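# Understanding the architecture of this molecule
Here are the chains, one letter per residue:
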Amino acid sequence: MNDLAAPLRRAAPALLGYAAVRALGLVVLAVWSAARGKSAHTLLTARWDALWYTRVADLGYGYEVRLPNGDVHSNLAFFPLLPWLERLMHAVSPLSYADGGLVVSLLASLAAAWGIFAVVEHVYGRRVGVCAVLLWAVLPVGIVQSMAYSESLFTALAAWSLYAVLTGRWPAAGVLALFAGLTRPVGLAVVAAVWVAGIATFVRDRSTAPTPGARVWPRALGMALAPLGAAGYVLWVGHRIGKGPLGYLDVQAGWRNGFDGGAAFARFVGEKFTSFPSALAGVGLIVGVALVLWLYVVGVRQGQPLPLLVYTGVVTALALCASSYFGSKPRLLMPAFPLLLPLALALARLRTSRSAWVVGGVAVASAAYGAFWLNGSGPP
């Protein structure tokens, strides 16, 4: 217990700040929704992906919707860890599947905040770690962290896996990467980080001095475990639908999801410039993408550890270069928390009072935007 108490005390400012930001977002959402005659609870638990996860938890896999244009939306596109946890919460408590998913997401968001703090504190120190957590909390799409979605769960598993890699806890890194791979397709980013870091460490050790076997095998075990979650689910889906090892790609194609190198997204942005009002949105999209790429380049120049760069690079590439629904790209980028580290470093250099005003102002704007967004089109 004492082993956990000290890290928790160190993370307490970050976690309390994170909880305050998320509470503000939920209060604003509740007030905004009530004014519009909507239920904040329904918005958080029973729309879009949340409905698909709940249906998997309740009825299992096999449900699909055939659209008039011939597309087939199958629930096999949704990875199983969140529905498993929703089913577990329903089995051990009076919670519905949807409410179970909400509780899992809320707890996972705190675990994600703690994991982000642990990673950043290890690399840059406590103050920067607190700033990074607060910046993650005040993202414009931060309300998703409080929804019955899988982003918070995935970010928690990814952050703690990266922390395990950075601190040499290779079996733990592999197990966490395995579960991340059961959460979202982008679990491949965590697997890539574990593997690249492991290979780099093997190369470094061989170039310096022979490595005792006791140090080699934990690393090899972590690397072996890391891909089993994602690979296991993808292979199971391929077997289930009779399409072979890559059958999951056919499932994603039914949702018009795929990796096209960003061609579809580029066309989407280009189409915004066909009229004046939409051209402003096009400019905003270009600025947003440029900002993401600039933050990544700055992270490289600032010497972020290799596992963070690999993880962030894969998450960013999958988000920006996928042909999926373009409105979802901001939330697909949300797990790429190392992108925030250059901003966290800059924020940490300010006086505490000034940084508090900055975070507070952005938190209010984020809460208002999240309530507006979720009461409108919301996250697809």
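Placed above this text is the structure.
Throughout what follows, the structure given in this document is the object of discussion. (Residues numbered from 1 in each chain as written. Predicted model: local features only at pLDDT ≥ 70, side-chain atom pairs only at ≥ 80, totals over all residues. Heavy atoms only, no water.)

Further remarks concern the overall build of the chain. Helix and strand counts for the chain stand at 18 helices and 2 strands. The C-alpha atoms of the chain give a radius of gyration of 21 Å, which matches the 21 Å a tight globule of 380 residues would have. Projected onto the principal axes, the alpha-carbon positions of the chain cover approximately 65 × 60 × 50 Å. For the chain, the share of sequence-separated contacts (at least 6 apart) that also reach a separation of at least 24 residues comes to 74%. When the accessible surface of the chain is totalled, it reaches about 17400 Å², and 70% of it is carbon and sulfur. Of the side chains in the chain, 28 bear a positive and 13 a negative charge, and the two mean positions are spaced by 10 Å. (Helix = DSSP H or I, 4+ residues; strand = E, 2+ residues; numbered from the N terminus. Rg over C-alpha atoms; globule rule 2.2 N^0.38 Å. Contact = heavy atoms within 4.5 Å. Areas by Shrake-Rupley, 256 points an atom, 1.4 Å probe, with all protein chains shown as cover. Lys, Arg positive; Asp, Glu negative; His and termini not counted. Charge placed at Lys NZ, Arg CZ, Asp CG, Glu CD.)

A few words now on the environment of Ala-46. Mapping Ala-46 onto the fold places it in the loop between helix H2 (40–45) and helix H3 (49–59). Note: C-alpha distance between Ala-46 and Val-104 (58 residues apart in sequence) is 15 Å.

We now examine the side chain of Gln-252. Residue placement: Gln-252 occurs in helix H12 (residues 247–254). By relative accessible area, which is 14% here, Gln-252 ends up buried. In this structure Gln-252 touches Ala-77, Pro-185 and Asn-257, once residues within four positions along its chain are discounted. (Buried < 20%, exposed > 50% of the residue type's maximum accessible area, 1.4 Å probe, protein only.)

This next bit is on unusual backbone geometry. Of note, the phi angle at Trp-48 is positive, near 50 degrees, even though the residue is not glycine. Inspection of the secondary structure assignment puts Trp-48 in the loop between H2 and H3. Looking at Trp-48, the relative accessible area reads 23%, which means it is partly exposed. The residue Arg-256 is not glycine, and still its phi comes out positive at about 60 degrees. In this structure, Arg-256 sits in the loop between H12 and helix H13 (263–271). According to the relative accessible area criterion, Arg-256 is exposed, its value standing at 52%.

Per the counting criterion, the structure on display carries 7 salt bridges. Of the charged contacts, one joins Arg-66 and Glu-64 as a salt bridge, the two residues approaching to 3.0 Å between their closest N and O atoms. Between Glu-151 and Arg-184 there is a salt bridge, with its nearest N and O atoms 3.3 Å apart. Of this pair, Glu-151 sits in helix H7 (residues 151–166) while Arg-184 sits in the loop between helix H8 (170–181) and helix H9 (187–208), and the two are 33 residues apart along the sequence. Each member of the pair, Glu-151 as well as Arg-184, is classed as buried. Members of the salt-bridge network, linked through shared partners, are Asp-49, Glu-151, Arg-184 and Arg-331. (Salt bridge = Lys/Arg side-chain N within 4 Å of Asp/Glu carboxyl O.)

In this section: helix H18 (residues 352–375). Look at H18: 34 Å from first C-alpha to last across 24 residues, which is about the 34 Å you get at 1.5 Å a residue. Inspection of H18 places Ser-355, Val-359, Ala-363, Ser-366, Ala-367, Gly-370, Ala-371, Trp-373, Leu-374 and Asn-375 among the buried residues, and these make up the whole buried set. (Expected span 1.5 Å × (residues − 1).)

In this section: the packing of aromatic side chains. Inspection of every chain in the model, using the stated rule, returns 17 aromatic pairs. With 5.8 Å between their ring centres and 80 degrees between their planes, Trp-114 and Trp-160 make a pair best called edge-to-face. Here Trp-114 is found in helix H5 (residues 97–124), whereas its partner Trp-160 is found in helix H7, with 46 residues between them in sequence. Trp-114 gets classed as buried once you look at its relative accessible area, which sits at 18%. (Phe/Tyr/Trp six-rings, centres within 6.5 Å; stacked < 30°, edge-to-face > 60°.)

With that out of the way, let us pick up the packing of H7 against helix H15 (residues 306–320). Any two packed helices are characterised by the angle at which their axes cross and by the distance between the axes. Contact pair H7 / H15: the axes reach a minimum separation of 9 Å and the direction vectors enclose 150 degrees. Between H7 and H15, the angle falls in the class roughly antiparallel. The two elements H7 and H15 meet at a crossing, and its hand is right-handed. Of H15, the residues touching H7 (which contributes Phe-154, Ala-158, Leu-162, Val-165 and Leu-166) are Pro-307, Leu-308 and Tyr-311. (Axes fitted to C-alpha atoms, helices over the stretch in contact; angles between N-to-C directions. Parallel < 35°, antiparallel > 145°, perpendicular 65-115°, else oblique. Left-handed = near helix turned anticlockwise from the far one by under 90°.)

The subject of this paragraph is the packing of helix H11 (residues 228–241) against H12. Direction vectors running N to C along H11 and H12 enclose 80 degrees, while the axes themselves pass 7 Å from each other. Classified by the angle between their axes, H11 and H12 sit roughly perpendicular to one another. Residue-level inspection shows Tyr-233, Val-234, Val-237, Gly-238 and Ile-241 of H11 in contact with H12, the latter providing Gly-247, Tyr-248 and Val-251. Taken together, the residues of the contact of H11 with H12 break down into 6 nonpolar, 2 polar and no charged. (Nonpolar A, V, L, I, M, F, W, Y, C, P; charged D, E, K, R; others polar.)

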